[in-house]
Amino acid sequence: MSAPEGSAAPRTVIITGGSRGLGEGIVQHFLDAGDRVATCARSETDAVRTWQKDPAYDGRFLFREVDLADREACTAFVKDVLGEWKSVDILVNNAGVARDGILALFSDEDTDTVIDLNLKATIHLSRQIVRNMLAHGGGRIVNISSITGLTGYRGLSVYGATKAALDGFTRGLAREVGSRKITVNSIASGYLKTEMSHGLDDGQLQQIIRRTPAGRLGDPEDIARAIAFLVDEKNDWITGQVLVVDGGLTA
Amino acid sequence: MNEVETRIVAIVTELLERSDREDLTVTLESRLHGDDGLGLDSLQTAELSAILEDELGTDPFGAGLLPETVGEVVAFYADQAAASA
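This is a predicted model, so every value here is computed, not measured.

(A) Structural view of the overall build of chain A. Of regular secondary structure, chain A possesses eight helices and seven strands. Taking 2.2 N^0.38 as the reference for a compact globule, 251 residues should give roughly 18 Å; the C-alpha atoms of chain A span a radius of gyration of 17 Å, in line with that estimate. With the principal axes as the frame, chain A shows a C-alpha extent of 45 × 40 × 35 Å. Within chain A, the fraction of its 251 residues that count as buried is 52%. Of the contacts made within chain A by residues no fewer than 6 positions apart, 73% connect residues no fewer than 24 positions apart. Counting only carbon and sulfur atoms, one obtains 49% of the accessible surface of chain A, whose full area is about 11400 Å². Mean positive and mean negative side-chain charge positions of chain A (28 and 33 charges, respectively) differ by 5 Å.

Dropping the structure here:
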């Protein structure tokens, strides 16, 4: 199925939400490893344009502007990827949205937005890719979860609920497809520098840093390296797990 | 057997080989499920659905049908071909 880094045989990887932040870092990691990478986001960014123009990634980078919560658009994205590369070795479900605010003042529209993308769209996309992996004899799925799904965080109750649900999805799906050489794991990410855009203000971030044993916020590369470990071809005995990567914050 | 019948029987046979059940003979009359048939479980049925879609572009399970025999799977594609003719 998959080749180790530096190998001549590239793996085909789908990373959702790869245009900025954590997703951008994950895409860069797999491109650097020599893999074929397909990603999607609601809008094109400078990072995407750079990858598209770079001859080093010619023929092994695919981007589509897609709102994954739109099922037809999501299905079309998957068809594009399969039309290009036939099968998928690795799926990283990274796309997600956070809306902050205490629940008593939260709107139903924001609830729908968060659940539609973080959960329903992830399940819809995963279903299609699992079918491809079943037909082609295996694969790796990594769901990007969050420690807010484990510990909770004031003002992120809906977001945290979707991440906790994602971990449940990981466990159930891992049991379903474990016998078919497909592993499914979650990475519960701690707070990253890119979280600035997720509704945490500077005061909250400084408090998080003080409470983190590693003494810093995470970088996308911290998460990308953990993903690389979970999708390694040799790591076929780790499945249905939630790997916390948070600088020790929840230790 | 025509080309589609041969292909589908080959797909089902290959699926059974994956589960070390190559001793079973697949015919158009073979029932997909149950002890008196090929005994596909739900995951094997999902695999069959996925492989059919992957190789033939569509599949009866994805279309909301529940074929009970290999022949009924073949009939799905025959109906499709007739509808598009």
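Once you've had a look at it, read on.
(B) Looking closely at empty space enclosed by the protein. Residues and elements named next belong to chain A. Counting across every chain of the model gives one cavity of 30 Å³ or more. Quantified by volume, the largest cavity comes out at close to 30 Å³. What lines the largest cavity is simply Thr16, Leu68, Asn93, Ala95, Leu117, Ala121, Thr122 and Leu125.

(C) View of the interface of chain B and chain A. On the chain A side, the residues contacting the 11 residues of chain B number nine residues. Here chain B meets chain A over a buried area of about 850 Å², counting both sides, of which 43% is carbon and sulfur. Area buried by chain B at its contact with chain A is led by Leu43, Glu47 and Asp54 of chain B, which between them contribute 54% of it. Counting the contacts that link chain B with chain A gives four salt bridges. In this structure, the salt-bridge partner of Asp54 of chain B is Lys86 of chain A, at a minimum N-O distance of 3.7 Å. Linking chain B to chain A there are seven residue pairs in polar contact (both at pLDDT 80 or more). The dominant element in the side of chain B that touches chain A, judged by the number of residues it contributes, is helix α2 (residues 42–56) of chain B, at nine residues. Grouping the constituent residues of the side of chain B that touches chain A by class yields four nonpolar, two polar and five charged.

(D) Looking closely at the layout of surface pockets. Taken as a whole, the second largest pocket holds about 560 Å³ of empty space. If you go around the second largest pocket, you meet 19 residues; those closest to its centre are Lys79, Leu82, Gln128 and Arg131 of chain A together with Glu53 of chain B. Going through the elements one at a time, α3 (71–85) and α4 (108–136) of chain A together with α2 of chain B are the ones with two or more residues in the lining of the second largest pocket. The leading source of residues in the lining of the second largest pocket is α4 of chain A, at six residues. Residue classes in the lining of the second largest pocket are distributed as five nonpolar, seven polar and seven charged.

(E) Examining the pairing of strand β5 (residues 139–146) of chain A more closely. All names here are of chain A. Counting buried positions along β5 yields eight of eight residues, so the element is predominantly enclosed. Across the two faces of β5 the burial is the same, with Gly139, Ile141, Asn143 and Ser145 and Arg140, Val142, Ile144 and Ser146 all buried. Relative to β5, strand β4 (residues 90–93) runs parallel, the two being bridged by four bridges. Bridge pairing links Val92 to Val142 in β5. Handedness of the β4-α4-β5 crossover: right-handed. Bridging between β5 and strand β6 (residues 182–189) involves eight bridges; their strand directions are parallel. Bridging from a neighbouring strand, Val142 pairs with Asn185 of β6.

(F) Up close: helix α1 (residues 3–18) of chain B. All names here are of chain B. Spanning 16 residues, α1 covers 23 Å between terminal C-alpha atoms, matching the ideal 22 Å at 1.5 Å per step. Those residues of α1 not exposed but buried are Glu5, Ile8, Val9, Ile11, Val12, Leu15 and Leu16. Along the axis of α1, the buried positions cluster into a sector of 155 degrees, meaning they face one direction only. Where α1 is buried, its residues touch α2 and α3 (70–84). N-cap assignment for α1: the residue whose side-chain oxygen lies 3.1 Å from the backbone N of Val4 is Asn2. Once α1 finishes, Asp20 follows within two positions and takes phi at roughly 55 degrees, a positive value.

(G) Quick peek at the side chain of Thr183 of chain A. Residue and element names in this part refer to chain A. Within the fold, Thr183 resides in strand β6. The class for Thr183 is buried, based on a relative accessible area of 4%. Residues within four places of Thr183 in sequence aside, it is in contact with Gly139, Arg140, Ile141, Leu230, Asn235, Asp236, Ile238 and Thr239.

Thresholds, definitions, all that
Residues numbered from 1 in each chain as written. Chains lettered and ligands numbered in written order. Predicted model: local features only at pLDDT ≥ 70, side-chain atom pairs only at ≥ 80, totals over all residues. Heavy atoms only, no water. Helix = DSSP H or I, 4+ residues; strand = E, 2+ residues; numbered from the N terminus. Rg over C-alpha atoms; globule rule 2.2 N^0.38 Å. Buried < 20%, exposed > 50% of the residue type's maximum accessible area, 1.4 Å probe, protein only. Contact = heavy atoms within 4.5 Å. Areas by Shrake-Rupley, 256 points an atom, 1.4 Å probe, with all protein chains shown as cover. Lys, Arg positive; Asp, Glu negative; His and termini not counted. Charge placed at Lys NZ, Arg CZ, Asp CG, Glu CD. 1 Å grid on protein atoms, 1.4 Å probe; cavity = no way out; pocket = protein on both sides within 12 Å on 5 of 7 lines; lining within 4 Å. Points joined across faces, edges and corners; volume = space filled by probe spheres on them. Buried area = accessible area lost by both parts, 1.4 Å probe. Salt bridge = Lys/Arg side-chain N within 4 Å of Asp/Glu carboxyl O. Polar contact = N/O pair within 3.5 Å; in protein donor to acceptor, adjacent residues only side chain to side chain. Nonpolar A, V, L, I, M, F, W, Y, C, P; charged D, E, K, R; others polar. Pairing = 2+ DSSP bridges. Right-handed = clockwise from strand over helix to strand, strands pointing away. Expected span 1.5 Å × (residues − 1). Arc of directions from axis to C-beta.

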